[in-house]
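Structural overview
Take a look at the letters that make up each chain.
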Amino acid sequence: MEEKVWQYMQEYHMVAENDRIVAGISGGGDSMALLFLLQKLQNRCNFQFCAVHVNHGIRGEEASLDEKLVEDYCAKHQIPYYAFHYQVPKIAREKGWSEEEAGRQMRHVAYDHVLKTWKGNKIALAHHQNDQAETVLYHLARGCGIRGLSGMLPVQGIIIRPLLCIERKEIDHYLSENQIPYRTDSSNLSDQYVRNRIRRHVVGYLEENVNQRTVEHLAKTAGIAAQVEAYMSAQARKVLQLYAQNLDDAIQISSEIGKEAPIIQNYAVLEALEQLCGQRKDLSGDHLEKILDLFQKETGKQVNIYGKITAHRVYGGVLLEKYKKERQNLELCEWNLPVPGRIQCKEGLWETRIFLYKSQNIPEKTYTKWFDYDRIKTTLQIRNRRPGDYLVVTSKGGKKKLKDYLIDEKIPRLERDHLMLLASGQEILWIVGKRISEAYKITESTKRVLEIKYQGGWGSE
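Keep in mind it's a predicted model, so treat the numbers as computed, not measured.

As a further point, take the nonpolar core. Counting 37 residues, the largest nonpolar core has Val5, Val15, Leu35, Phe47 and Leu163 as its most contacted members. Elements supplying a minimum of two residues to this core: α1 (2-11), β1 (20-24), α2 (29-41), β2 (48-55), α3 (61-76) and α8 (168-177). When residues of this core are assigned to their parent elements, the largest contribution, eight residues, is made by α2. Excluding anything up to four places from it in sequence, Leu163 contacts Val5, Asp30, Leu34, Leu37, Ala126, His127, His128, Gln129 and Ile171. Grouped together as the second largest cluster of nonpolar side chains are 28 residues, Ile253, Leu273, Ile305 and Ala311 included.

Have a look at this one:
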């Protein structure tokens, strides 16, 4: 078994010279076999390792005996050892997690702490083929894609799983052959946890009544699925390069992606979501279907994805946007415009002057505009948009809501909140870089002109 595990570690490049490996050791047979193997394999590659034990505060004296076993073994073999204690049931209640999830989360809190203090660079876990089989069945039962079928990966970031190539019965034989001490967790015999039920009732039944090599075959299927997943993800990244545009905390996917096969569309959206929020956890098939359906909807429709991402139907495609609380602060963006004068604000430089109108040619510049000054009766503000803003769009005084105007003009949703406006109350005189109100344009009856020049983030003309 030792040779089998070493070859597996070599195949997946799990260890290298001078690695410092943080090993999660519970005291059970799997983890104690891992600890023993790391000792043996250390002679083949110059890496260092330490043991981390987490007491979950669940099994009382039994857990204390597990801890003592690991502590004594490490002391005897001069292995660096770290122990952590967490009240997992209490944490689970406070966070709304299952005890299984709370335990997993707190173990990784412990591992991360040791990675920093001991200056480690990898985490070794003792998952084996039986764990893999249970994971695949669990994901299948809950509904999953190819990634779910992949189960646990041999190498996942800094996590390595050296025992993923062997079955539990091989580990049992290895423990006996080498007289490795270990303890049996009594909770593994309980049907309280989902994985226990899968192991005790589903896997066992399949091995006895369908195929005794069930575990081996499920593990191989997971390996094949992992290869398919890697290939599809690579193809999705290529497709995104063709049909997607990266914006500020957002990705806009063109409707042209509809030319691709549905499975590629699925993976492209998944890849985009992962790029935005760093993980696919909690993303359901229902979420994905709703996002893809947006391509067939009218503009303005949107779907929220577990509070982190909002998908908007925009002109030409779908915008996946990372939710940012900072946007609530946009209402604070407002300055009074001095007339005449100049003001430098974080959005740029504004200059104003007043002069008599003598039928001069009106400049056709994007960032220099003339207004009939005698029609302006209040102080002007430079600001971003607000609910209720409107624009006069006809010479007879016809009004349109600013929101509707921006939609009609196909201004991307992400850009709308960042547009600078010249406003008088809720009336918009100028959408900077776009158009001015019909109500303040220069006419034959204009006597005084207000000229406003803007120099800022967009440049000027």
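Applying the stated criterion across every chain yields a total of 26 salt bridges. The residue Arg199 makes a salt bridge to Glu134 at a minimum N-O spacing of 3.7 Å. Taken together, the residues Arg199 in helix α9 (residues 194-209) and Glu134 in helix α6 (residues 129-142) connect sequence positions 65 residues apart. Using a relative accessible area of 30% as the deciding quantity, one classes Arg199 as partly exposed. Judged by relative accessible area, Glu134 falls into the buried class, the value being 4%. For Glu274, the salt bridge is made with Arg147, and the minimal N-O distance between the two is 3.5 Å. Here the residue Glu274 occupies a position in helix α11 (residues 262-277), and Arg147 occupies one in helix α7 (residues 146-149), the gap between them amounting to 127 residues. Put simply, Arg59, Glu62, Asp66 and Arg183 are held in one network by salt bridges that share partners.

Bringing α11 into the picture now. An ideal rise of 1.5 Å per residue puts 22 Å on 16 residues; α11 measures up with 23 Å between its terminal C-alpha atoms. Every buried residue belonging to α11 is among Ile264, Gln265, Tyr267, Ala268, Val269, Leu270, Glu271, Ala272, Leu273, Leu276 and Cys277, and all of these are buried.

Going from Val339 to Pro340, the amide bond is cis rather than trans, its omega being -10 degrees. The backbone of Asn18 sits at a positive phi, close to 70 degrees, despite the residue not being glycine. Tracing the backbone shows Asn18 in the loop between α1 and β1. Positive phi, normally seen in glycine, also occurs at Lys119, with a value near 60 degrees. Under the relative-accessibility criterion, Lys119 is labelled exposed at 66%.

By definition, the strands of a sheet pair up through backbone hydrogen bonds, in either a parallel or an antiparallel sense. Read from one edge of the open sheet, six strands run β12-β16-β19-β20-β17-β18, paired in mixed fashion. Each edge of the open sheet carries a strand with a single partner, namely β12 (334-336) and β18 (399-401). The mean angle between the axes of side-by-side strands here comes to 35 degrees, regardless of whether they run parallel or antiparallel. As judged from the four bridges shared by strand β19 (residues 421-424) and strand β20 (residues 427-431), these two strands associate in the antiparallel manner. Each residue of the ladder has a partner; that of Ala423, found in β20, is Ile428.

Turning to α1, its buried residues are Val5, Trp6, Tyr8 and Met9. For α1, the angular spread of the buried residues around the axis is 160 degrees, confining them to a single face. Packing partners of the buried residues in α1 comprise α2. Directly after α1, the chain includes His13, whose backbone phi takes a positive value near 50 degrees.

Looking now at the packing of aromatic side chains. Applying the stated rule across the entire model yields nine aromatic pairs. Where Phe84 meets Tyr86, the ring centres are 6.4 Å apart and the plane angle is 5 degrees; that geometry is what we call stacked. The pair Phe84 / Tyr86 is uniform in exposure class, with both members buried. When the centroid spacing of 6.2 Å and the interplanar angle of 55 degrees are considered together, the rings of Phe371 and Trp430 count as tilted. Of this pair, Phe371 sits in strand β15 (residues 368-372) while Trp430 sits in strand β20, and the two are 59 residues apart along the sequence. A residue is classified by how much of its surface remains accessible, and Trp430, at 0% relative accessible area, is buried. Following the ring pairs from residue to residue traces out a cluster consisting of Trp350, Tyr367, Phe371, Trp430 and Tyr454. For the cation-ring pair, Arg20 lies above Trp118, with the distance from its terminal atom to the ring centre recorded as 4.0 Å.

Calculation rules
- The residue numbering used here restarts from 1 in each chain and proceeds along that chain's sequence as written.
- Given that the model is predicted, a residue must reach a pLDDT of at least 70 before its local features are reported, and side-chain atom pairs must reach 80 or more before they are shown or counted; all residues, however, enter totals for whole chains, interfaces and linings.
- To obtain the side-chain values, all non-hydrogen atoms of the structure were included, while hydrogens and water were left out.
- For this analysis, a nonpolar core means a set of buried residues of the types Ala, Val, Leu, Ile, Met, Phe, Trp, Tyr and Cys, connected via side-chain atoms within 4.5 Å.
- For every residue, the accessible area obtained with a 1.4 Å probe (protein chains only) is divided by the maximum for its type, and the residue is called buried under 20%, exposed over 50%, and partly exposed between those limits.
- Secondary structure elements are defined from DSSP: runs of H or I of at least 4 residues count as helices, runs of E of at least 2 residues count as strands, and each element is numbered from the N terminus.
- What makes two residues a contact is simply this: any of their non-hydrogen atoms within 4.5 Å.
- Salt bridge, as applied in this entry: a Lys or Arg side-chain nitrogen positioned within 4 Å of an Asp or Glu carboxyl oxygen.
- Here the expected span of a helix is defined as 1.5 Å times the quantity of residues minus one.
- Two strands qualify as a pair provided DSSP detects at least 2 bridges between them.
- In this description, a line fitted to the C-alpha atoms serves as the axis of each element, helices being fitted only across the stretch in contact, and the angle between N-to-C directions of two axes falls anywhere from 0 to 180 degrees.
- Here the arc refers to the directions that run from the helix axis out to each C-beta atom.
- In this scheme Phe, Tyr and Trp rings, the latter by its six-membered ring, pair at centre separations within 6.5 Å, and the angle between planes marks the pair as stacked below 30 degrees, edge-to-face above 60, and tilted otherwise.
- We call a charge positioned above a ring when the Lys NZ or Arg CZ atom is no farther than 6 Å from the ring centre and deviates by at most 35 degrees from the ring normal.

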